[in-house]
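Residue-level structural notes
Chain residues, written in single-letter form:
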Amino acid sequence: MTAYEPVIGIEVHVELATESKMFCGCAVGFGAEPNTNICPTCLGLPGALPVTNRQAIEWIMAIGMALNCEVSERSVFHRKNYFYADLPKNYQVSQYDIPVCHDGFLDVTVDGETTRVGIERAHMEEDTGKSTHVGEGGRIHSAESTLLDFNRSGVPLVEIVSKPDIRSAAESRAYAQELRALVAELGVSDARLEEGSIRFDANVSIRPEGIEAFGTKVEIKNMNSFRSLERAVDYEIKRQVEVVSDGGEVVQETRHWDEEGDVTHSMRTKEGSSDYRYFTEPDLVPMVMGDVWVEEVRSTLPELPAQRLERYVEAGLDSDSASVLSAAPAKLRGVFDEAAVAGADPRAAANWLTGEVTAWLRRTETEAPDLPLAGADLAELVGIVADGVVSASAAKDVLDGMLSGEGGARQVAEARDLVQISDTKALEAAVDEVLAANPDAIETYQGGEQKVVGFLVGQVMRATQGKADPKLVNQLLREKLSG
Amino acid sequence: MPIDIDIAHVARLARLDLSDAELEQYRAQLGDILEHAARVQGLEGDPSTESEHPLGFVNVYREDEVRPSLDRDEVLAQAPESMDGYFVVPPALESE
Ligand SMILES: [Zn+2]
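Summary of the structure given here. Computed from a predicted structure; not experimentally measured.

What follows covers the sheet that holds strand β1 (residues 4–15) of chain A. Each strand in a sheet pairs with another by means of backbone hydrogen bonds, the pair being arranged parallel or else antiparallel. Strands sit in the order β3-β7-β8-β11-β1-β12-β13-β14-β15 (chain A) across an open sheet of nine strands; the sheet is mixed. This sheet does not close on itself; its edge strands, each paired only once, are β3 (70–71) and β15 (263–266) of chain A.

Right, let's talk about the interface of chain A and chain B for a bit. In many analyses, interface size is given as the accessible surface area lost on bringing the parts together. Contacts between the two partners involve 54 residues from chain A, matched on the other side by 37 residues from chain B. Summed over both sides, the interface between chain A and chain B buries roughly 3,900 Å², with carbon and sulfur atoms accounting for 58% of that surface. Between chain A and chain B we count two salt bridges in total. Remark: the boundary between chain A and chain B carries 17 residue pairs in polar contact (both at pLDDT 80 or more). The biggest single contributor to the side of chain A that touches chain B is strand β10 (residues 143–149) of chain A, with seven residues.

All names here are of chain A. As for its placement among the helices and strands, Ile 220 is situated in strand β13 (residues 218–223). Remark: the alpha-carbon pair of Ile 220 and Lys 331, spanning 111 residues in sequence, is separated by 37 Å. Residues in contact with Ile 220, not counting those within four places in the same chain, are Asp 201, Ala 202, Val 204, Ala 232, Val 233, Glu 236, Arg 255 and Thr 264.

Residue and element names in this part refer to chain A. Among the twelve residues in β1, eleven count as buried, and that is most of the element. Taken together, the eleven bridges between β1 and strand β12 (residues 198–208) define a ladder with antiparallel strand orientation. Each residue of the ladder has a partner; that of Gly 9, found in β12, is Asn 203. Across five bridges, the pairing between β1 and strand β11 (residues 156–162) is antiparallel. Paired with His 13 across the two strands is Glu 159, which belongs to β11.

Bringing the coordination of the zinc ion into the picture now. Residue and element names in this part refer to chain A. Protein coordination of the zinc ion is provided by Cys 24 (SG), Cys 26 (SG), Cys 39 (SG) and Cys 42 (SG), with donor distances spanning 2.3 to 2.4 Å. Around the zinc ion, the four donor atoms are arranged such that angles at the metal cover 100 to 117°; this shape is classified as tetrahedral. Going along the chain, you hit the donors of the zinc ion in the pattern C-x1-C-x12-C-x2-C. Residue Cys 24 is found in the loop between β1 and β2 (52–53), and its partner Cys 42 is found in the loop between β1 and β2; the two are separated by 18 residues along the sequence. The exposure classification of Cys 24 matches that of Cys 42, with both residues buried.

Reading the values: rules and limits
Residues numbered from 1 in each chain as written. Chains lettered and ligands numbered in written order. Predicted model: local features only at pLDDT ≥ 70, side-chain atom pairs only at ≥ 80, totals over all residues. Heavy atoms only, no water. Pairing = 2+ DSSP bridges. Helix = DSSP H or I, 4+ residues; strand = E, 2+ residues; numbered from the N terminus. Contact = heavy atoms within 4.5 Å. Buried area = accessible area lost by both parts, 1.4 Å probe. Salt bridge = Lys/Arg side-chain N within 4 Å of Asp/Glu carboxyl O. Polar contact = N/O pair within 3.5 Å; in protein donor to acceptor, adjacent residues only side chain to side chain. Buried < 20%, exposed > 50% of the residue type's maximum accessible area, 1.4 Å probe, protein only. Donors = N, O, S within 2.8 Å, 3.2 Å for Na, K, Ca; no water. Tetrahedral: all angles 85-135°; square planar, octahedral: opposite > 155°, others 65-115°.

Here is the structure:
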């Protein structure tokens, strides 16, 4: 049986979180009453003239730079002509042969293996309105009429097209997640899948392993979660392999992912690319980026996930905790950086933040930005654990006290009576008492069964309500037993 | 020589319902226009200026500031059909 290799490319649409639309001053915002953010420009009324939003252009440049793209020296808008009810002008202002950004890459990691996915281009366009199909059961195929809301019409939209470098459903998902994290990091989009501010389409084809030529590609749409993207791609690969294995041929088409049915459905064939009749948008003038502007935008870029990961690894974190911390909310990362500056061991600080602190946030339903923990306080906690002032398990109680506003680490440890007894004299009494109460254990030990020490340590810990330093107890017991 | 075009295809793309006589008439007229365009395209010129704006402007932007939108009721009153703040149009996808 022939083995087939999937070839996948992904198109991502990102709505920018500008205040106003791409070509007019209407407000951008999810959840407004329908048709309240509309004007002659975004309704496509005759005579209305668009003017480009500078912020949107700077943000697409930022996205391109974060994706290691080149920014074109010069870029122009085109009209993409097609008829659809949610497109009031009957064309979409988009870009054709000179996108703002081109030729970049994004590294994605699946199961510890990193793949470099090429970025073909990132171009600027306007979003369409939103249509709701009403009719029998609200199903798209049986709609009786369509309701239109043009609030979204003209919202700045960046389309990012990958090269066909993706080879599995899992990689598709990782690419989408990585890209989403990146635009969220840049702060240029809300990047909320559930609100449609970031959307994914996948182009899937298969080819016999070892063959260079691409197979016929199918575009799949309507995946509204990372999980459905992965499942849709997976389904589509299997469907195509089955078609070809049965001697059939894959048809070039657009298919819709059906979340409930767990399948893709064929959509009506759309007009081919040549039928979009692209031509330069005469109402908008060319954009010339220039080195000065490009460098100005570059200087505003925040630290990106890939750079951060590298910095954490250099700080001594292993790659797993580095990537967990790198994906953690900004507040936690800030606490980490402060704690490291305050002298905390980076590994211990990272463990606290991604472990107990994250669990506390979840348990108390606290949003990360509201975390009441300063980096210096975390450093103090890490310090008293390292110095043996509190045991590792008591330290969790200390943290709880700190997060409940009881004060700094030492203060809480003392107030909650969690400081370990490290004074030999004080412990000796407890050790003697335990030994006196367990003559059998002494005999067992002297008979060569050293394991019994563990039992005795437990007894001392119990006698001291867990406040004894177990290392010291162990040492004292061995001295006395051998003595 | 006028350029021969698939006028029925163009009419379909433009959603125009034309009679056979009209199709023939537009086929001839559009063919003449395309022939003219082809002649313009044949002129010597600098291809790098192809995307120039006729007025020579570049970099015209607006700042990202919100300006008032239109009154919804006034806009919807001019639409053939509306409901609950939405425009209503025939189904976007016909079932086939
Ligand atoms: Zn508008």
